[in-house]
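Fold and geometry: a report
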Amino acid sequence: MLTKHKSKKLRRPKIHTIVFYALYIVLIVVFFKGVNALITELDKFLIKYEASQPDVKTNEIFDKLFSDPDWEEIYEMAGITDTVYDGKSSFAVYMKEMIGNTPLKYVETSAGLSGGKKFFVRADDMTVASFSLIDSTDGKETIPKWELSSVETWTTYEKDITVYSYPDFTVYVNGIPLNDSHVIMSTQTRAEDYLPDGIHGQRSCCYYLDGLMIHPQIVIKDQKGVPVELTYNESTNSYSHTLEKNYLTSDQRKAFEDSSEIYGRYMIKNIKKSELGNYFVDESYNDITKANVDWMQSFTKYEFGNTLITEYYGYTPSYCSARIDRSLFVTRKNGTVKEYKISSTFFLEKRSDGWKVVKMTNENMSEIITEVRITFYSDDEIVQNETINANVHELYFPIIDSTEGKTFSGWFTKSLNDKGETVMTLTFKPDENGKVTLPDDYTLKPMKLYAVFE
């Protein structure tokens, strides 16, 4: 028996179901892509935000500039102006000497109303520099962009130096030559009054320079441009050098001995003017022959003692002087012995027929004449700058008008005490005419004087 089965009818998916799942899948894909894009942008934002934070930029700039500082580069970044004697190389030495091996650190400080950030750079408790950050977007964007805006340094110009030298030498400080405006003291001897134009005697000069950043390099050159050997005195912070000593030559010695003998013989009327003229010329001859020698008594014999030659100085190869001390013993007819002393400075000039005495004097040619520079300040401006004989007994100071409501107290000097504080000391109190009378034993020194009103 046959059984009849009903066939099952297959169902096809409805179109709206397909569309639903397709859209669902698309939405999921779009969602995850959107999330991924959002996460990517958020990550970029967070990276930028983190990088924009002042601490990050501060560390970056500090490490770049001060972890291993290039002080010459920092000098230029800070816009420091070179002085005549100091520049970026001096600054680099200055900072290295000041800091040594001390590690640097930074601390934030107030930037005022600038809206930026400012940081001090310190070595221990000593501030050596600062740097500032500024938002380059000027607050116009959500994320600030911090950038370096400025660098400052703490620099002092408190070093000074003293150099003792001589005319015809040039003093160089860090390669720059000093001039006469830096000479604070000069010396010469009385011999200058007896020398012809173009020839000078034993002179010295003292140079002083302050306002330096570091201890400077000092070079002194002679007329040929050859550096001379220097000596440094740490206690006085000064450099000096010596002159090559010139020695009395044998022909100069003979000229001094012979001329002193001729001079003595003429004064006892033992020779005539014609023979005197073979050794003494010009001014010396005129001075000697003007002297009255008629007082000289007759004698039976004479004898010279040894010649003592001191204070010799060779000004040029053809001009020199020396002090001659010599005794002349004259035996009178009655048998008594009279001693005459020759004690004079002879100035010799070499001429075509030998050395001649051109001048002579009994005055002390070794006496030192010293001049010092005195600079007067009022309100930190120079009102007078002059050189003065160090042994004067009267001085006339500039008269300064008193400011309203204040009285002129006098001229003060400045100095530093053990704490580095400036101390003002009253040095001169002139009268209403600016006159100051100094004690007889007072010797002026180079100084800067400041007018003080109270």
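Since the structure is predicted, the reported quantities are computational estimates derived from the model, not experimental observations. (Residues numbered from 1 in each chain as written. Predicted model: local features only at pLDDT ≥ 70, side-chain atom pairs only at ≥ 80, totals over all residues. Heavy atoms only, no water.)

**A look at the sheet that holds strand E7 (residues 176-177)**
Backbone hydrogen bonds are what pair the strands of a sheet, in a parallel or an antiparallel way. Taken together, three strands build an open sheet; the order of strands is E7-E6-E10 and the sheet is antiparallel. Across the chains shown, the open sheet's two edge strands, defined by having one partner strand only, are E7 and strand E10 (218-221). (Pairing = 2+ DSSP bridges. Helix = DSSP H or I, 4+ residues; strand = E, 2+ residues; numbered from the N terminus.)

**Some points on a nonpolar patch on the surface**
On the surface, Tyr24, Ile25 and Ile28 cluster together into a nonpolar patch covering about 280 Å² of accessible area. Inspection of the secondary structure puts Tyr24 in helix H1 (residues 15-52). By relative accessible area, which is 45% here, Tyr24 ends up partly exposed. (Patch = residues over 30% accessible without salt bridge, like charges linked within 9 Å, V, L, I, M, F, W, Y side chains within 5 Å. Areas by Shrake-Rupley, 256 points an atom, 1.4 Å probe, with all protein chains shown as cover. Salt bridge = Lys/Arg side-chain N within 4 Å of Asp/Glu carboxyl O. Buried < 20%, exposed > 50% of the residue type's maximum accessible area, 1.4 Å probe, protein only.)

**Some points on helix H7 (residues 282-290)**
A turn of α-helix holds 3.6 residues, and therefore any two residues three or four places apart point the same way. When we look at burial in H7, the residues that qualify are Ser284, Ile288 and Thr289. One side of H7 holds all its buried residues, which, seen down the axis, span an arc of 120°. Buried residues in H7 make contact with helix H5 (250-267), helix H6 (273-276) and strand E17 (354-361). (Arc of directions from axis to C-beta. Contact = heavy atoms within 4.5 Å.)

**Observations concerning the sheet that holds strand E2 (residues 117-123)**
In spatial order, the strands read E1-E2-E3-E4; together these four strands make up an open sheet with antiparallel pairing. The open sheet has two edge strands with one neighbour each: strand E1 (104-109) and strand E4 (146-153). Neighbouring strand axes in the sheet, compared pairwise and without regard to direction, differ in orientation by 30° on average. When E2 meets strand E3 (residues 126-135), the two strands line up antiparallel, connected through seven bridges. Within the sheet, the bridge partner assigned to Lys118 lies in E3 and is Ser132. (Axes fitted to C-alpha atoms, helices over the stretch in contact; angles between N-to-C directions.)

**Focus: the pairing of strand E9 (residues 204-212)**
Here six bridges tie strand E5 (residues 159-165) to E9, and the two strands are oriented antiparallel to one another. Residue pairing for E9: Ile161 is matched across the bridge by Leu209.

**Here's the deal with the nonpolar core**
One broad trend across soluble globular proteins is that nonpolar side chains are buried collectively. Ranked by size, the top nonpolar core spans 27 residues in total, and within it Phe256, Tyr263, Phe280, Ile288, Phe346 and Leu348 carry the most contacts. Among the elements of the structure, H5, strand E14 (308-316), strand E15 (319-332), strand E16 (337-351) and E17 are those that each provide at least two residues to this core. Not counting chain neighbours up to four residues away, the residues in contact with Tyr263 comprise Phe280, Ile288, Ile342 and Met360. Ile61, Ile74, Ala92 and Val151 belong to the second largest nonpolar core, which has 24 residues in total. (Core = buried A, V, L, I, M, F, W, Y, C linked by side-chain atoms within 4.5 Å.)

**Regarding the environment of Val357**
Tracing the sequence through the fold places Val357 in strand E17. Owing to a relative accessible area of 0%, Val357 belongs among the buried residues under this scheme. Distance from Val357 to Ser321, taken between C-alpha atoms, is 9.2 Å for residues 36 residues apart in sequence. Excluding anything up to four places from it in sequence, Val357 contacts Ser259, Tyr279, Phe280, Val281, Ser284, Phe346, Phe347 and Leu348.

**Points about the pattern of salt bridges**
Within the structure shown, the criterion is met by 16 salt bridges. Between Lys118 and Glu152 there is a salt bridge; the shortest N-O distance is 3.4 Å. Of this pair, Lys118 sits in strand E2 while Glu152 sits in strand E4, and the two are 34 residues apart along the sequence. Between Glu147 and Lys145 there is a salt bridge, and its shortest N-O distance comes to 3.9 Å. Owing to a relative accessible area of 33%, Glu147 belongs among the partly exposed residues under this scheme. If you follow the salt bridges from partner to partner, you end up with Arg190, Asp193, Glu363 and Glu367 in one network.

**Observations regarding the packing of aromatic side chains**
Evaluation of the coordinates by the stated rule reveals 28 aromatic pairs. Here the aromatic rings of Tyr75 and Phe91 are separated by 5.3 Å at their centres, their planes lie at 50°, and the arrangement is tilted. With Tyr75 in helix H3 (residues 71-77) and Phe91 in helix H4 (residues 88-99), this residue pair connects regions lying 16 residues apart in the sequence. Ring geometry for Phe376 versus Trp411: centroids 5.1 Å apart, planes at 75°, classification edge-to-face. Here Phe376 is found in strand E18 (residues 368-378), whereas its partner Trp411 is found in strand E21 (residues 408-416), with 35 residues between them in sequence. Look at Trp411 and you get buried, because its relative accessible area is 0%. Clustering of aromatic rings is evident, with ring pairs tying together Phe62, Phe66, Trp71, Tyr75, Phe91, Tyr106, Phe119 and Phe131. Taking NZ or CZ as reference, Lys338 lies 5.8 Å from the ring centre of Tyr340, over its face. In this arrangement the basic side chain of Lys414 is found over the ring face of Tyr450, its NZ or CZ atom lying 4.3 Å from the centre. (Phe/Tyr/Trp six-rings, centres within 6.5 Å; stacked < 30°, edge-to-face > 60°. Lys NZ or Arg CZ within 6 Å of the ring centre and 35° of its normal.)

**Observations concerning the side chain of Glu192**
Among the secondary structure elements, Glu192 is positioned in the loop between strand E8 (183-189) and E9. Looking at Glu192, the relative accessible area reads 12%, which means it is buried. In this structure the side chain of Glu192 is engaged in a polar contact, spanning 2.7 Å, whose partner is the backbone nitrogen of Gly201. With residues near it in sequence (within four places) discarded, Glu192 still touches Ile199, His200, Gly201, Gln202 and Arg203. (Polar contact = N/O pair within 3.5 Å; in protein donor to acceptor, adjacent residues only side chain to side chain.)

**Focus: a negative patch on the surface**
Taken together, the side chains of Asp68, Asp70, Glu72 and Glu73 make up a negatively charged region of the molecular surface. Along the chain, the position of Glu73 falls in helix H3. (Lys, Arg positive; Asp, Glu negative; His and termini not counted. Charge placed at Lys NZ, Arg CZ, Asp CG, Glu CD.)

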